[in-house]
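Descriptive analysis of the structure
So you can see what is in the structure, the chains are spelled out below.
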Amino acid sequence: MSEHEYLPSPSPEEDWGDTDREWVVDGVVGESIDAFGQKRYEVKWGEGWKRNDGTNTTWEHPREDLEELIDKWERKQTAKRMEKAKASPAIAINVEDWHMLHENRTIERARGYEELKKLYIRGDPRQPIDFDGQLKRLKPSSRESKTPGSGASSSGPSQRPIKPLPKRSFRRLPSSSPAPDSEEEKKTGRRAPPRETKRRRPLEKKWAESLNGAAPVTFVNDISYEEVPPLVPDFQYLERRYVRADGVSSAEHRREFLLSCECERRCLDADDCECQKPSGLQTDDGHGIFAYNKKKLFNFKLPLGMGLEVIECNENCTCDERCHNRVAQLPRDVPIEIFLTQSHGWGARATFPVPRGKVIGVYTGELITREVAEQRHALGDGRKSYIFDLDVHEGDDDDDEDQSARRYSVDGYAHGNWTRFVNHSCEPNMRVVPVVWDTIPELKQPFLAFVATEDIPPRTELTIDYDPNAALEAQKNHSKRPRTRPEGARECMCNTESCRGWIRV
Ligand SMILES: C[S@@+](CC[C@H](N)C(=O)[O-])C[C@H]1O[C@@H](n2cnc3c(N)ncnc32)[C@H](O)[C@@H]1O
């Protein structure tokens, strides 16, 4: 093993000459995928710039001034892949294109993931690593300590000095217009604007501003040219909070009533933790138990059902974020990809492997009363599909007059996060668990956490059962798919063996 780990091989000497000049770029000639599933593009520089070894390309992450060239490259690659997929005798007609594309990318991304694991020496795992620099040195090297001005000494770890590249901006080479593609273009002599070419990266960037420390959310479409899912124009991304509609009481004034614990740093004994007691979660022999194990994974020994609600430690507690009773409230560390499915619109998947019990995210949106939810259902504008009811402990307080006023729903149509793209499956790989940490349970405004119920390989669609009661019913009756469509239901496209045939949405 070399005395350095993970250092890039030394770049051949570069001479950019006059650093203020604008360099011409010929085009994008290659692509690779980094460990975060983000693409990098190999850009070929023109006008005679090259290194001493004759190479004249650099790797660049997507950025605004490269957008046009990248889009051109992407369209060319997609067309090529489609051609290959169609020509391959090993691929069945109609299953063909998408699967092949998906396979190719999955392999590339799996490689990226392996690279990432090696690169995680220390530091915040959510920070993307720049492969061209900023890699941490494990041991001092004689080569580096000789680097003039590096400041490296042989007495301890330090940053590897990176020679900054001169400022470059892009100017497109004047080129003769490419041949027209479509009949329309041939007729009019005008090139049609590229379809939806400028929406993905701006939307990813916009959402990134609201992630509050959570892992990235990106969009992928291997099926059509639609870059991003349809959303209302002023859609607001909310990673881990609700916006409250008029008439929905704010949690703020209840914070002072939050029960808090005085455990030191981490809560280890559920019987001693004041936060855990009200949840009533117990082992068979009557001891308090936390909802999560020491690895912060959900404990499936807990009784699952309507009564289960997780109460996490809160801002008034003395424990810190390492406490294993703080999970859903922490920034999501699973990177998510929103992708176009073959049969049921856009869906969500993780780009890393997800272990069983992992809390992947929480459903967010506009918190509305049940009454308003019902009015919105009646509008019939598609919004209904994104309204989730918070039915925790309903029926518990039968003598409480305020009961009906305290039934809430979450509308993810105009506000929300990636979980609004989670589709239904009759064999889901996640379940929904109500969790509170910033309100008292009595307020009945929990978050709905999406918890993995099995180990989920990267890029497997994440799904929940939209109607767990129907699942129980079907289990009881060993019922088969009903022939006629139940009222308000639509055909289920989950394509699993135990598919119940219909879903109510
Ligand atoms: C919460 S949204 C999920 C995201 C949605 N696919 C999209 O593109 O925005 C729920 C809608 O997705 C579709 N859907 C989800 N699961 C489905 C399934 N198993 N079969 C058919 N359609 C499904 C239905 O149109 C449903 O109304």
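Residues numbered from 1 in each chain as written. Predicted model: local features only at pLDDT ≥ 70, side-chain atom pairs only at ≥ 80, totals over all residues.

An unreviewed UniProt entry lists the chain under the name SET domain-containing protein, with Dichomitus squalens as the source organism. The heading Subcellular location (unreviewed entry) in the UniProt record of the chain holds the text "Chromosome". (UniProt positions renumbered as here; feature names shortened; annotations may be inferred.)

For the rest of this paragraph, the subject is the overall build of the chain. Check the secondary structure of the chain and you find 7 helices and 21 strands. Contacts in the chain between residues far apart in sequence, at least 24 positions, make up 66% of those at least 6 positions apart. (Helix = DSSP H or I, 4+ residues; strand = E, 2+ residues; numbered from the N terminus. Contact = placed C-beta atoms within 7 Å.)

Another point: the sheet that holds strand E11 (residues 359-363). With mixed pairing, the 4 strands of this open sheet are ordered in space as E8-E17-E18-E11. Unpaired on one side and paired on the other, strand E8 (310-311) and E11 mark the two borders of the sheet. Examined bridge by bridge, E11 and strand E18 (residues 447-452) share 4 bridges and lie antiparallel to one another. Residue pairing in the sheet places Tyr-363 in a bridge with Leu-448 of E18. (Pairing = 2+ DSSP bridges.)

In this section: the site of the ligand. In the vicinity of the ligand there are 17 residues, among which Gly-345, Trp-346, Ser-385, Asn-423 and Met-493 approach most closely. Counting residues per element, the ones that place at least two in the shell around the ligand are strand E10 (346-350) and strand E16 (423-424). Residue classes in the shell around the ligand are distributed as 9 nonpolar, 7 polar and 1 charged. A domain-level breakdown of the shell around the ligand finds at least three residues from each of domain 2 (217-250 + 328-465) and domain 3 (467-505). (Near = placed C-beta within 6 Å. Nonpolar A, V, L, I, M, F, W, Y, C, P; charged D, E, K, R; others polar. Domains from an automatic or database assignment.)

Time to look at the environment of Arg-244. Mapped onto the elements of the fold, Arg-244 is located in strand E7 (residues 242-244). Measuring from C-alpha to C-alpha, the distance between Arg-244 and Gly-365 comes to 8.6 Å, with 121 residues separating the pair along the chain.

Taken together, the 3 strands give an open sheet; going across it, the order is E5-E9-E10, and neighbouring strands pair in mixed fashion. The open sheet has two edge strands, strand E5 (217-220) and E10, and neither has a second partner. The mean inter-strand angle of the sheet, taken between neighbouring strand axes irrespective of direction, is 30 degrees. Pairing of E5 with strand E9 (residues 336-340), which is carried by 4 bridges, proceeds in the parallel orientation. (Axes fitted to C-alpha atoms, helices over the stretch in contact; angles between N-to-C directions.)

Let us look at the pairing of E18. Burial analysis of E18 places 6 of its 6 residues in the buried class, which makes it a mostly covered element. Direction of pairing for strand E17 (residues 430-436) relative to E18: antiparallel, over a ladder of 6 bridges. Across the sheet, residue Val-433 finds its bridge partner in E18, namely Ala-449. (Buried ≥ 20, exposed ≤ 12 C-beta atoms within 10 Å, placed from the backbone.)

Residues annotated by UniProt as "domain: Post-SET" (unreviewed entry) correspond here to residues 488-504. This span, residues 488-504, is 0% helix and 35% strand, and a straight line between its end C-alpha atoms measures 6 Å.

Summarising burial for helix H7 (residues 468-477): 0 of the 10 residues are buried, a small minority. Count one or two residues on from H7 and you reach His-478, which has phi positive near 45 degrees.

So, about the nonpolar core. Within the largest apolar cluster, 67 residues are counted, with the highest numbers of intra-cluster contacts made by Cys-261, Ile-338, Ala-350, Ile-360, Val-435, Ala-449 and Val-451. Here this core gets 6 residues from one element, more than from any other, and that element is E18. In this view, Ile-338 contacts Val-217, Phe-219, Pro-229, Trp-346, Ala-348, Trp-418 and Phe-421; residues no more than four positions away in its chain are not counted. Val-25, Val-28, Trp-45 and Leu-69 belong to the second largest nonpolar core, which has 7 residues in total. (Core = buried A, V, L, I, M, F, W, Y, C linked by C-beta atoms within 7 Å.)

Turning to unusual backbone geometry, a few remarks are in order. Not every positive phi belongs to a glycine, and Arg-265 is a case in point at roughly 55 degrees. Inspection of the secondary structure assignment puts Arg-265 in the loop between E7 and E8. For Arg-265, a count of 11 C-beta atoms within 10 Å gives the class exposed. A positive phi angle, close to 60 degrees, is found at Arg-459, a residue other than glycine.

Turning our attention to the confidence of the model for the chain. Across the chain, the average pLDDT comes to 75, with 66% of residues at or above 70. The low-confidence segment residues 1-12 (pLDDT under 50) makes 17 contacts with residues lying over four places distant or belonging to another chain. Here residues 192-196 scores under 50 on pLDDT; set against residues more than four positions off or in separate chains, the count is 8 contacts. This prediction of the complex comes with two scores: 0.65 for pTM and 0.99 for ipTM. (pLDDT = per-residue confidence, 0-100.)

This part takes up the environment of Glu-491. Mapped onto the secondary structure, Glu-491 falls in strand E20 (residues 489-491). The spatial distance from the C-alpha of Glu-491 to the C-alpha of Trp-502 is 4.5 Å, given a sequence separation of 11 residues.

So, on to the environment of Leu-231. Positionally, Leu-231 belongs in the loop between E5 and strand E6 (236-237). The sequence separation of Leu-231 and Ala-414 amounts to 183 residues, and the corresponding C-alpha distance is 7.5 Å.

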